[in-house]
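Structural characterization, general
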Amino acid sequence: MVILEAKNIVKRFGGVTALSDGNIVCREGKITGLLGTNGSGKSTISKIITGVYLPDSGTITYYGQQVSFRNPIEAKKAGIIMAFQNLSLIPDLTVWQNVVLSFEKTKKGFLDNQSAKKITKELIDSFVEGFDIERKVVQLNSSEKQIVEIVKAISEEPKLLILDEPTAALEQAQAQALFKYMKKLAAQGTSIIFTSHRMNEIMEVCDDIVVFNNGHNVGSVDFEVDGRNQKEIVKMITGDIHTEDISHTRTENTKDIQLEIKNLQYENILHDIQFSVKKGEVLGIGGLQGQGQTELMLALAGNYKTLQAEVHLNKEKIRLNTPANTIRKGIFLVPGDRQTEGLMMKESIYHNMLMPKFALKRQPFFIPEKKYRKECEEIVKLLSIKTDSIDTKADNLSGGNQQKIVVGKWLPFDIKVLLLSDPAKGVDIGAKRDMYQFILKLAREKDISVILYASDNDELVRYCDNVLIMYEGSIVKRLSGDAINNVNITAASLNLTKEEEVEKDECKEH
Amino acid sequence: MNVKSIKKLLHRTETATVILLILMVAVIASLSGNFFEAYTIRSNIISWTPLILLAMGQSFVIIGGGLDLSNGPAMSLILCTLTAVMHADSDITGIKALFIGLLVALGIGVINGFVVGYLRVPALIATFATSYIWLGAALLVMPTPGGECVNWMRIFYDFQSVESLPEGLKQFGAVIPSGLILIIIGIIVWVVLSRKKFGRYLYAVGSDRDIAYQSGINSAKMQLLTYVINALFIYGCALFYAAQNQAGSARIGDPLTLQSVAAVVVGGVALSGGTGKVYMAAIGAVIMSLVNRLIYILELPAEYQVLVSGAIIILAITISTIYETTNAKAAEKREVN
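Residues numbered from 1 in each chain as written. Chains lettered and ligands numbered in written order. Predicted model: local features only at pLDDT ≥ 70, side-chain atom pairs only at ≥ 80, totals over all residues.

Brief notes about the overall build of chain A
Each helix and strand in chain A was counted, giving 18 helices and 22 strands. Looking at chain A residue by residue over its 510 residues, the buried ones come to 45%. Contacts in chain A between residues far apart in sequence, at least 24 positions, make up 69% of those at least 6 positions apart. (Helix = DSSP H or I, 4+ residues; strand = E, 2+ residues; numbered from the N terminus. Buried ≥ 20, exposed ≤ 12 C-beta atoms within 10 Å, placed from the backbone. Contact = placed C-beta atoms within 7 Å.)

Here you go:
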């Protein structure tokens, strides 16, 4: 039975058409995969269904009746609930207070906190054991927040549940638990829309899929009827982009060592870390989420005052105590959360690119606008950032293009070490490859050492010369050459000591 | 009590406020000698009442993510209205004044709340601007201090001075000042509201009004409500002043604005919204009153009270920021372990 059908939806923002002809059908008890690159219109259609945006034209039929939700509250009342990717949790409330928020039950006019806690506990236990629901959301890490977000959506007993990239912040085991739960909900008759950039997840969990490209549907596949053909689907998503992999050749790197780290120690978070990276080398950092990778990147960028480490950059001893110092030495960080840490979202591309210059280089009395604009335009062209002008606000660009600006703004400087903290998170396949190819080229040509932390193992396999696996704040394994593959990375991430082909390099067992 | 629960207690922001209260009481008591005598306690509660009421109202607004820089002048406006309407020789004008005063208070609350909640003008700017509207209106109503007050209105100040009350109530008033009753009513209102949806939503909106909206909460209405509740506290404060002074003045409330903000901050309510307790703001107001008392005991000019309020706000916020960062670091450590 069809629960919801959206037909010929059109949505424009100013002059930009986000959705030119959006169609989607959700059936009772089915999980529909919503696929497409960033900016293809898939988030826009989700937001139109949930009443965040009003469509310019087109119809939505829900349980046989034409509806038009003016705000998320109306959609919620009708049973359409979305778990947002940019989480909709209140930081100062506890986990259980968030889960029941706006659906509180009362007993004699007062809040019934006991039942709220019970409901929350039961739901969360099906994802993770021993989760303290009395904590405030502000104290949780990103995967815990994502779980709470999902649990909150489920607790509202939706008829149509929209999960917007729920697995991006989850660990493997949690994602599996989620899939199990989704299937259970579907069996109970809930209709689910699921978006993800990870093909294997789509293949595993969905009953049918809808593919968006450039604001309209380019195809839909019902797995029960048409079978599961991943290659076909990838082709639909990427459209004209070639799908065959350009796996990079791992040539012997005979260049000098650029950066050498010894005995790096930071409070209880990072232990006894040592490694070195050569000029032009791409060094991957992998492992399960939250094993200290983000902290290691921040440490290398000079964000921790109390960090202890022996650091040599091109044989010169340096200190990593402040960001200003590391930047001056040529160590640059591209932060993971581009929206809060890497970019001023309300400023134009040009201004974003200008800022580091102002901060770090002596400026002439009058700013040479023309020269700088030209430089900026060159970078935009070089990185093939999709925009009509460099005066476009960062806010209005897609995720992949935003990330390019974060990298691009450091290009005019003398980069020695480039730290990338999960740069491709939430970036679509096409833009991801563009970005990595550019970074690889940059590394090889300019002798830049790249240290890349990626939560997606595929990126490590595809682009790295060497990979370090972290576990509980230490490096537990070093993989290089052909040993870098999904199986080895996963095994090392779980810190399975039975893996016997230990590299003879400076691999440290924990 | 084991070590763990003591540690937990120390991490609560309330603890710092209570320690500060004990310190201030100790200092004042040692300087003035008769601090713990029944008479002094009673007269102290009376003199603290206006600030406590304003601070409690202010804390509703601040927890809800707003700020009210107009509560002092708003109090003056209500006070001037009350005393302008009343004639000392006509008891019935008292009823009329109570009613008109309440309307003025509700108007003030609704205007502030509408501008901040619905028009989304930043609370700082909005209420700073409305403070001048209230001040101007108060000066129109009462260009020079004056006005009258009916005798029965004094129940809001002291039962003893109301001629028509029976002897028993007068005796009761000799022990329990009316201000305390107003404060207790305020605290009961808070305890009830905090256990209802209103209380939960108040924190949600104060923490992040856009997310609260997405969750299905009418953020604008919630903010409007906080300003209306605040206005009722201001109304209570104006009644107290009218009863105490038997006259009105358009500028009498001015210094109270900053002091009420300082009291809320000292009470551990974050100016960023979403955290804190209303009764802690009342304790903050007691601390601020004790500071004022200290200034008096040290024979410094009264102008120091305003000066010190400003300094205390900055000091308190700095300390709480440091406190929060160290707390956050400790939490991070715990998480890793």
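Overview of unusual backbone geometry
Trans peptide bonds make up most of the peptide bonds, and negative phi angles are found at most residues other than glycine. Residue and element names in this part refer to chain A. Unusually for a residue other than glycine, Lys108 sits at a positive phi of about 55 degrees. Among the secondary structure elements, Lys108 is positioned in the loop between strand 7 (106-107) and strand 8 (110-111). Among the residues examined, Lys108 registers 5 C-beta atoms within 10 Å and is labelled exposed.

Things to note about the sheet that holds strand 21 (residues 466-471) of chain A
To summarise the sheet geometry, strands pair through backbone hydrogen bonds and adopt either a parallel or an antiparallel arrangement. Residue and element names in this part refer to chain A. Spatially, six strands are ordered 18-19-20-15-21-22 in an open sheet, and the strand pairing comes out mixed. Of all strands in the sheet, those bounded by a partner on one side alone are strand 18 (331-334) and strand 22 (474-480). Ignoring strand direction, the axes of neighbouring strands in this sheet form an average angle of 20 degrees. In the packing of helix 18 (residues 486-493) onto the sheet, contacts are made with strand 15 (282-286), strand 21 and strand 22, and the angle to strand 22 comes to roughly 165 degrees. (Pairing = 2+ DSSP bridges. Axes fitted to C-alpha atoms, helices over the stretch in contact; angles between N-to-C directions.)

Some words on the environment of Ser480(A)
Residues and elements named next belong to chain A. Inspection of the secondary structure puts Ser480 in strand 22. For Ser480, a count of 16 C-beta atoms within 10 Å corresponds to the partly exposed category. Ser480 sits 365 residues away from Ser115 along the chain, and the two C-alpha atoms are 53 Å apart.

As for helix 9 (residues 197-207) of chain B
Most of helix 9 of chain B is tucked away, with eight of its eleven residues classed as buried. Along helix 9 of chain B, the residues that are buried comprise Arg200(B), Tyr201(B), Leu202(B), Tyr203(B), Ala204(B), Val205(B), Gly206(B) and Ser207(B). Contacts from the buried residues of helix 9 of chain B go to helix 3 (95-99) and strand 8 of chain A together with helix 3 (38-63), helix 10 (209-214) and helix 11 (219-245) of chain B.

Focus: the interface of chain A and chain B
With 20 residues of chain A at the contact, the number on the chain B side is 20 residues. Put simply, the parts of the chain that give the side of chain A that touches chain B at least two residues each are helix 2 (72-77) and strand 8 of chain A. The element contributing the most residues to the side of chain A that touches chain B is helix 2 of chain A, with three residues.

Brief notes about the environment of Val137(A)
Residues and elements named next belong to chain A. Tracing the backbone shows Val137 in the loop between helix 4 (113-125) and helix 5 (142-155). Taking the C-alpha atoms as reference, Val137 lies 36 Å from Asn214; in sequence the two are 77 residues apart. In contact with Val137, other than residues within four places in its own chain, are Leu89, Ile90, Pro91, Leu93, Val95, Asn98, Lys145 and Val148.

A word on the packing of helix 3 of chain B against helix 8 (residues 178-194) of chain B
Between two packed helices, the angle of one axis relative to the other and the distance separating the axes together describe the packing. Residues and elements named next belong to chain B. Taken N-terminus to C-terminus, the directions of helix 3 and helix 8 make an angle of 25 degrees; their axes are 9 Å apart at the nearest point. One element, helix 3, and the other, helix 8, form an angle in the roughly parallel class. Taken as a pair, helix 3 and helix 8 cross one another with a handedness that is left-handed. Seen from helix 3, the contacting residues are Ile45, Ile46, Thr49, Ile52, Leu53 and Met56; seen from helix 8, they are Gly179, Leu180, Leu182, Ile183 and Gly186. Grouping the amino acids of the contact of helix 3 with helix 8 by side-chain chemistry returns eight nonpolar, three polar and no charged. (Parallel < 35°, antiparallel > 145°, perpendicular 65-115°, else oblique. Left-handed = near helix turned anticlockwise from the far one by under 90°. Nonpolar A, V, L, I, M, F, W, Y, C, P; charged D, E, K, R; others polar.)

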